[in-house]
Structures are given as structure tokens and as C-alpha cells.
Amino acid sequence: MHVKNVLGDKKAILILLGPALLVYTLVKLVPVFWSLGLTFFTGNPLGGFEFNGVGNFVRFFTDPQAMSALGFTLKYAIVISVGQILLGYGLALLYVFVLKNASNFIRTVVFFPTILPTVAVALLFKSLFAVGDQQGPVNAGFQIIGLESVDWFATGDGTFTVAIIMELWRSMGFFAVLLYAGLLDIPDETLESARLDGASGWRLVRHIVIPLSLPVLLSSVVFSANNTLKVFDTVLALNNGGPGGETTPLTLYMYRTVFSYSDYGYGSTIAFVLTIMCFLVTLFIFRSARRDNTTA
Amino acid sequence: MSTAFVGRRKRAIVTVIAGMGAATLLLSACASDSGSGSEGGGGTDTATAFSLLTPAENSIVRDELGVLAGDQCVAEDETLPLESETVAQADVNQKITLLASQDALPVMFVAGTAQVKPDGDLGKNDLALDYEATLKELGVWDNILPAAVSTVKAAYGGNMASLPFQYNLEGIWYNKQIFADNDVEVPETYDELLDAYEVFDKAGVTPITEPGSQGWPITRLIGNYIFRSVGPDAMEKIKSGDAKLTDPEYVEAAQAIADLGTAGYFGEGITSRDTDTAYAQFLSGEAATMYMGSWLLANLNNEEENKIGEENVGFMPFPNVEGGAGDSSQWPANAGAATAVSSKAYGPKVGDWLTCIAENYGSSVLANQGVVSGFKVNEDVADVKPLTAEIQTIVTDASETVLWFEALFDAKTTSDAQTNVSLLITGQMTADDYMNQLQSDLDQAQ
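All figures in this text were calculated on a predicted structure; none of them were measured in a lab. (Residues numbered from 1 in each chain as written. Chains lettered and ligands numbered in written order. Predicted model: local features only at pLDDT ≥ 70, side-chain atom pairs only at ≥ 80, totals over all residues.)

Asks: What's the story with the overall build of chain B in this structure? I'm lost.
Replies: Helix and strand counts for chain B come out as 18 helices and 10 strands. With the principal axes as the frame, chain B shows a C-alpha extent of 100 × 55 × 45 Å. Across the 446 residues of chain B, 48% fall into the buried class. Considering only residue pairs separated by 6 or more positions, chain B has 77% of its internal contacts joining residues 24 or more positions apart. (Helix = DSSP H or I, 4+ residues; strand = E, 2+ residues; numbered from the N terminus. Buried ≥ 20, exposed ≤ 12 C-beta atoms within 10 Å, placed from the backbone. Contact = placed C-beta atoms within 7 Å.)

Right, dumping it as C-alpha cells:
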């Protein structure tokens, strides 16, 4: 009776939520709206702000570096997300169907790189793939088998390749564990009855396992897409977003615009575009999910 | 029941009010306080310590000021003690913008090149002290070498916005032994230099090494070629709009350096080569030449680092370009990163410190660190190493100096010039595209 009185009383709710809501508004919402306002200006707190209307947005779509950053962000997000989900799911299937109880050790070892600091991993891979006087094991290996050493970081594609290998090695264990938990939820009886009906191997996976693990697969996709769209520290530590701007995502371009070139207005515009992108991607994934569930 | 509930409600109200009070305090602390900033001027000292902010990567200034604080400037240090902090060179722009907007600039600090120019963020708001006026007032202005004055003023748009704690000439350091072994004479023109590089390349020696990952050592080469072919005012013309980077003479320079890269003269892994590796390559005799500033003296005079020996190292100017309007007697010079004094923090005690520095820094840094600065060497220094003496002579006698490629650029153009050059020398970006990008950045910044 007391609880109902407390939660039913609107004033009480306001008072109890008040402090937390205030902190949330001040720390999260106010800066977001302030940044939104800044998109219509150029300048910085020291040099002053100048009103620019929609100039920043026009500039964004005609700026070749911004478009290149946008392209790279999308490229990176798609390739890494697909890689993470495929590898993670493959490993999860391995744990459930092949290794079964012995999977504990493998799961831990594969998961381990996830807890390493991202910058440390990037520096590690920078050394692994180094060329020249202090070449890394990869190029040394190439030379042993008779191939020429490759300057990975001299080209955008080479740097991207190293970034893919690095990120997949680091995060596949996490997705494997996440999807493994989802696969465990599938009741054994369903699998047994499917096997009795003659389904096995790939057909079992395609027609029974995937549809039943769709919810966890979906949340993994959303999680992966959102994280990869906002990549920052790994590409910065690996090759400084280089060579040139070839591996510079929107986050890094925004950071440089605000803090190195001291233009808070244009930087806020880039941040806004990135926010809209993340929002659209999440919306798109949820929409397609809803369609899947109704037809399954 | 009702009294218990009212009691709980009263407590909740108190919590909310306390929470809002705390939030308000937090906000007011964060908000910038520009109106009530202390009026420093020249009258009173607002600083309680001689706070110094220097780049982490270069310890020359803070080390030397520390020595002065314990020796010639002991009295000044007692009234205003030296307190030294560092910032990463890459974060300087951001840090100074932040400190300036919070009215919390240290007494003496490193600043971004663009920030201290008259149209830069610090210059516009008169936050950086005008050294010329101040030092003339203190009577110590002629402790600054004339060449240093002209270099600093040229670099910072006419403002004497920095003290020449370092005065560096730039040129091509070369390995005399490798030149002798391959029968190569010191080149006087760029074509002769290319011929020399071809000989070295065939002999299996890396013709030229640079810290390619930094970007600026390569853009220095482009700038030098431009100054030699177009003339010493080449970059001023770009700034005033009389010429564009996309003009053929300027693109030719970018092409020349791109060709060095595609010919493989820089050696393997140039774009990821860091400073230590490049220095080691030159100092161990792997590379024949390295374009670098006279700050390399510190490494050259270090017997452990310099494996080829001081007698084996020569210093030549960037050669002439045939038919060009520039001359190899026009040394590229810079006075290091801009070190400004906060005009708000300036007072008599700071003035005393500046006097002591102006009178003693030149000889002190030459004696202790073998570094050539833009200050007069007031006390004779014994045991100056031969290479250092050679550089000191050139500096004292130099009349006309030129700047560097990005000297008059804004922050974004500088950054793009230095990051895109790695694409230029690996053949992934044409010289036309490289200059196009920079010119459009310059146009955008107008």
C-alpha cells in the first residue's frame, strides 16, 4: 500500500527522479544540443564564433576529405561488422556442436584479446607488420619463404588490411562468447527432433539454429555496427589515420577539425552527420528484424 | 503514516536542492571567466611562479632555464620560482586554446605557429607579449641576433612573438667518407645532387634518409626547391594571393620530390620511419645524406650516437636549381617552436627573468648543450666542438634567410601538407592533386 502510494504520486516520482534526471540532462543532453547549435557557426571559444547558416553542411558535402572519411567509415563498419559476426558465429557453432564441454579453454583463450587495451593492440600490430631496418615478424617470415617484404603502412589498402586483421583478432572472441550464450538457449529437444527428421550439419544450422538464435544475432549486429561506425583509437594508433587521409574515419576527422584546426562549428557538423548515420543504421537493422520475425 | 511520508518527502526535497546547488557550482567553475580576468599589464605581477610550458619532445629550453635558475638567475628564481610543465607537441594548439579561453595561460608557454600571428587566436586578442617593445623597455633588446629577429618576425607575420631559444639553420648533412669512396664532389646544383644520388643508389647506399613518418622533413625538401626555383619570396606570394600552389613552378617542386620517392632514394619504409631510426641510419653510415636542421648537433656531438665520427660529417646548403631565382646562400632558418609570454601575466618580476634570460641564455646553452640559439653569446665559451663552431659562424654571418614550406599556412593546410606527402612520395597522389588539395585548403581558410 505504501509503495503504491509513493509510485502513484506524481510529485514523489519527480522528486525521486529529479537529481538523476538533472545530472543526465546536464551531462548528456545539454552538450548534444549545444553541439547541434554550433553546427550553424564556425570558430572556437578563443577566436570567437561567426554565424554561418547551413554553410557547414554545404561544405561537408563538397569537401573531398569529408566524403573520403565518410566512405572509409562505411567501408570499415561493413567489413568489420560482417567479419565479426561471421567469425563470432562460426566460433560459437564450433563451441556448441564440435567442442561441446571442452570448449571452455578455447573460449577463454580466444576471448583474451578483447580485454587488452585497443591502443596497445594497435601498437603491437604496427610492430608486427613493420618494414625496413626494424622489420616485424610478418615481413621476416615473407623473406624466409622467398617473398619480398611488403610496406603495409605505405598504402591505404595495406593499412586497412592490417586494421581488419587486428580488429577481427581482437574482437571475434567477444562475439563468439555472446553468440554462444544465445545458442545455448536453443532447447536440446528441438535439435534432437530435427536430427531425427533427418536434418544434419549445414541444413540443421540454416533451418533451425539460425532462426532460433535470431534475437541474439540481431543485438550482436546492432552492437557491432554501432561500435565500428565510431572507431577512433585503433586507426589513430595504427598509422595516424594514414597514409595521408586514407584510413581516416569521420570520428578522427572530426577530432582533428575541432582540436587541431580549432573549428568547433565544422567539427560539430561532422559529429552531427555521424550521429544521424548511427541512428539510421540502427533503425534500418531493427526494421529488417521486425520483418524477419513476422515471416519466420 | 502521513508524518513518516512527509518526513521522507522533506529529506527528498533537501537532496534535490543540494544536488542542484552542487550542479550549479560545477557549472560556474567550468564556465569561462573572460570578463573578470586579472588586469596584468606592466604594473603588477599576477603570477606567483614562473610557470613554463614546453613541448615534451624537446627538452632544450626547460633544461637550460633550469640551469639558469640555479646559477646566473638564482635571485630571480627566488622571487619567482621556475615551475616547468610539458605538453605533447601534437596537442599544443588544443592546450593553448583551452588555457587561453579559461584565462589560465602560464607565464611562458609554447604556442602553435598560427596562434601567435597577428590574425591568430592569441595575436587577435593581444594575449601574447610583444617581445620587441618589452625587451627594448628593459634595455636588453640587442642581445637578440639580427638574423634571428628577421626570421622570427617573418615567421610570425611581423610580430616578435617568440624568443629565439633555438636558432636553427637547415641544410643537407652528408657523410664525407661515403662521398670520397664514390668519388662524388659536393653538389652545387640540384641536378648534380640527383647524379650523386644515382651513384649512391647503385653502390647500395641509401642516398637520403628522413623521418618520413613526421611529414615535415619531406615537405622541407619541397619548400627548399620552391625557394631556389621561384625565389625567397615564393611563399609570401602564395599568402598574398599573387601566386597559387597550382602554378607550374610550384607543382614542379612537388614533382621533383615525388620523383625522389618513386626512384627509391629514401630507402625502404620511408613513410613509417621515425626520427630515431632516421638519425641512426645517418649516424651509422647507412645513408649518405640527411636534410635536417642544426639541432642535429646535439646528436652529432654525442660520441656514443655518432658512429661515423665528427670529422666525417659535412654540412651543405640545399643546392641551386638551374635557372632559378633563389640562391644557395639563402639559408632556411627557423627559431624553433613559438615560445610566447602571456601579456596578462607580465609584471616586473617576469621582466627580471626575461632580462636574465636575454643576457645569459646564449652562452649558457652553447656551453652546456652545444646548441646554437638566436641570443648573443656574451661570455666566451671554451671547447666549442668544430661542427658547432662552423654552424655558429654561419648563423652570425647570415644575412638573408628563408622560411619553410608551411610557415605561412594555417593549421589545416599545414596538417594536410604533412600527412599527404607520404602519398606523394609513394606515387599514390600526383603532384597536381597534392598542390590542388593544399590550394583549396588555403582558399577555404580565407
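Asks: What exactly am I supposed to notice about the nonpolar core here?
Replies: Counting residues in hydrophobic clusters, the biggest one holds 130 residues, and the most contacted among them are B:Ala111, B:Ala254, B:Ile257, B:Ala340, B:Val350 and B:Ile425. The leading source of residues in this core is helix 15 (residues 348–369) of chain B, at 9 residues. Three or more residues apiece are contributed to this core by two domains, here domain 1 (50–167 + 335–377) and domain 2 (170–333 + 404–445) of chain B. Residues in contact with B:Ala340, not counting those within four places in the same chain, are B:Phe109, B:Ala111, B:Val116, B:Leu122, B:Ala128, B:Leu129, B:Ala161 and B:Ser162. Counting 52 residues, the second-largest nonpolar core is a separate cluster that includes A:Phe41, A:Phe60, A:Val110 and A:Tyr266. (Core = buried A, V, L, I, M, F, W, Y, C linked by C-beta atoms within 7 Å. Domains from an automatic or database assignment.)

Asks: I would appreciate a short explanation of the sheet that holds strand 1 (residues 50–55) of chain B in the present structure.
Replies: Within a sheet, adjacent strands bond to each other through the backbone by hydrogen bonds, running parallel or antiparallel. All names here are of chain B. Here 4 strands make up an open sheet; going across it, the order is 2-1-3-9 and the pairing mixed. The sheet is open, and its two edges are formed by strand 2 (82–87) and strand 9 (338–341), each paired on a single side. On average, each strand axis in the sheet is tilted by 30 degrees relative to the strand beside it, whichever way the strands run. Of the strand pairs in this sheet, strand 3 (residues 108–111) and strand 9 are connected by 4 bridges, and their pairing is antiparallel. Looking across to strand 9, one finds that Ala111 is bridged to Ala338. Across the face of the sheet, helix 2 (residues 60–70) comes into contact with strand 1, strand 2 and strand 9 while running at roughly 175 degrees to strand 2. Its contacts with the sheet place helix 4 (residues 92–101) against strand 1, strand 2 and strand 3, and it is angled at close to 130 degrees to strand 3. (Pairing = 2+ DSSP bridges. Axes fitted to C-alpha atoms, helices over the stretch in contact; angles between N-to-C directions.)

Asks: Honestly, the domain arrangement of chain B in this entry has me stumped. Any pointers?
Replies: Often, the extent of an interface is quoted as the loss of accessible area on bringing the components together. Residues and elements named next belong to chain B. Domain boundaries assigned for chain B yield domain 1 (50–167 + 335–377) and domain 2 (170–333 + 404–445). Contacts between the two partners involve 12 residues from domain 1 and, on the opposite side, 9 residues from domain 2. Per-element accounting of the side of domain 1 that touches domain 2 gives the leading share, 3 residues, to helix 7 (residues 146–155). Classifying every residue of the side of domain 1 that touches domain 2 gives 6 nonpolar, 6 polar and no charged. (Nonpolar A, V, L, I, M, F, W, Y, C, P; charged D, E, K, R; others polar.)

Asks: I would appreciate a short explanation of helix 4 of chain B in the present structure.
Replies: Residues B:Val92, B:Asn93, B:Ile96, B:Thr97 and B:Ala100 constitute the buried set of helix 4 of chain B. With its buried residues spanning 125 degrees around the axis, helix 4 of chain B presents them on a single face. Buried-residue contacts for helix 4 of chain B involve strand 1 (41–44) of chain A together with strand 1, strand 2, strand 3, helix 5 (121–124) and helix 17 (411–425) of chain B. (Arc of directions from axis to C-beta.)

Asks: Teacher, can you tell me more about the domain arrangement of chain A here?
Replies: Parsing chain A into structural domains produces domain 1 (1–31) and domain 2 (39–295). Put simply, the middle of domain 1 of chain A and the middle of domain 2 of chain A, counted by C-alpha atoms, are 37 Å apart.

Asks: Just checking my understanding: could you explain the interface of chain B and chain A for this structure?
Replies: The partner chain A presents 28 residues to the 33 residues of chain B that form the contact. Of all the elements in the fold, those that place two or more residues in the side of chain B that touches chain A are helix 1 (2–30), helix 4, helix 5, helix 13 (275–283) and helix 17 of chain B. In terms of residues, the side of chain B that touches chain A owes the most to one element, helix 1 of chain B, which gives 8 residues. In the side of chain B that touches chain A, the residues fall into 9 nonpolar, 18 polar and 6 charged.

Asks: Where do I start with helix 2 (residues 10–38) of chain A in this structure?
Replies: Owing to its 3.6 residues per turn, the α-helix brings residues three or four apart onto one side. Residue and element names in this part refer to chain A. Between its first and last C-alpha, helix 2 extends only 36 Å over 29 residues, short of the 42 Å set by a 1.5 Å rise per residue. By the largest-angle criterion, Gly18 marks the main kink of helix 2, which is about 50 degrees, and a proline, Pro19, follows within four residues. For helix 2, a buried count of 1 out of 29 residues is recorded, marking the element as mostly open to its surroundings. (Expected span 1.5 Å × (residues − 1). Bend = angle between axes of the 7 residues up to and from the residue.)

Asks: Before we go on, may I ask you to explain the pairing of strand 6 (residues 287–293) of chain B in this structure?
Replies: A regular strand places its side chains so that they alternate between the two faces of the sheet. Residue and element names in this part refer to chain B. Of all the 7 residues making up strand 6, 6 are buried; the element is thus mostly covered by neighbouring parts of the structure. Note that strand 5 (residues 206–208) and strand 6 share 2 bridges and pair parallel. Looking at the pairing, Ile208 lines up with Thr289 of strand 6.

Asks: Got a minute to help me understand unusual backbone geometry in this structure?
Replies: Residue and element names in this part refer to chain A. Residue Pro243 is reached from Gly242 by a cis peptide bond, and omega for that bond is 0 degrees. Relative to the helices and strands, Pro243 resides in the loop between helix 12 (233–239) and helix 13 (250–259). For Ser262, which is not glycine, the phi torsion reads 55 degrees and is therefore positive. Mapped onto the secondary structure, Ser262 falls in the loop between helix 13 and helix 14 (264–295).

Asks: Whenever I open this one, the packing of helix 8 (residues 156–184) of chain A against helix 11 (residues 214–229) of chain A confuses me. Can you help?
Replies: Each packed pair of helices is defined by two parameters, the angle between the axes and the distance between the axes. Residues and elements named next belong to chain A. Running from N to C, helix 8 and helix 11 point in directions that differ by 155 degrees, and their axes come no closer than 8 Å. The angle between the axes of helix 8 and helix 11 places the two elements in the roughly antiparallel class. The two elements helix 8 and helix 11 cross, and the hand of that crossing is right-handed. Here helix 8 contributes Phe175, Leu178, Leu179 and Gly182 to the contact with helix 11, which in turn contributes Val216, Leu217 and Ser220. Grouping the constituent residues of the contact of helix 8 with helix 11 by class yields 5 nonpolar, 2 polar and no charged. (Parallel < 35°, antiparallel > 145°, perpendicular 65-115°, else oblique. Left-handed = near helix turned anticlockwise from the far one by under 90°.)

Asks: Is there a simple way to think about the packing of helix 6 (residues 118–128) of chain A against helix 8 of chain A in this case?
Replies: Residues and elements named next belong to chain A. Taken N-terminus to C-terminus, the directions of helix 6 and helix 8 make an angle of 135 degrees; their axes are 10 Å apart at the nearest point. On the basis of their axis angle, the class for helix 6 and helix 8 is oblique. Note on packing geometry: the crossing formed by helix 6 with helix 8 is right-handed. Of helix 8, the residues touching helix 6 (which contributes Val121, Ala122 and Phe125) are Val162, Met166 and Arg170. Grouping the constituent residues of the contact of helix 6 with helix 8 by class yields 5 nonpolar, no polar and 1 charged.

Asks: Whenever I open this one, the pairing of strand 4 (residues 168–175) of chain B confuses me. Can you help?
Replies: All names here are of chain B. A large share of strand 4 lies buried, amounting to 8 of its 8 residues. The pairing of strand 4 with strand 8 (residues 331–334) spans 2 bridges and is classified as antiparallel. Looking across to strand 8, one finds that Leu169 is bridged to Ala333. Pairing geometry for strand 4 and strand 6, over 5 bridges, is antiparallel. Its bridge partner being in strand 6, Tyr174 is matched across the sheet by Thr289.

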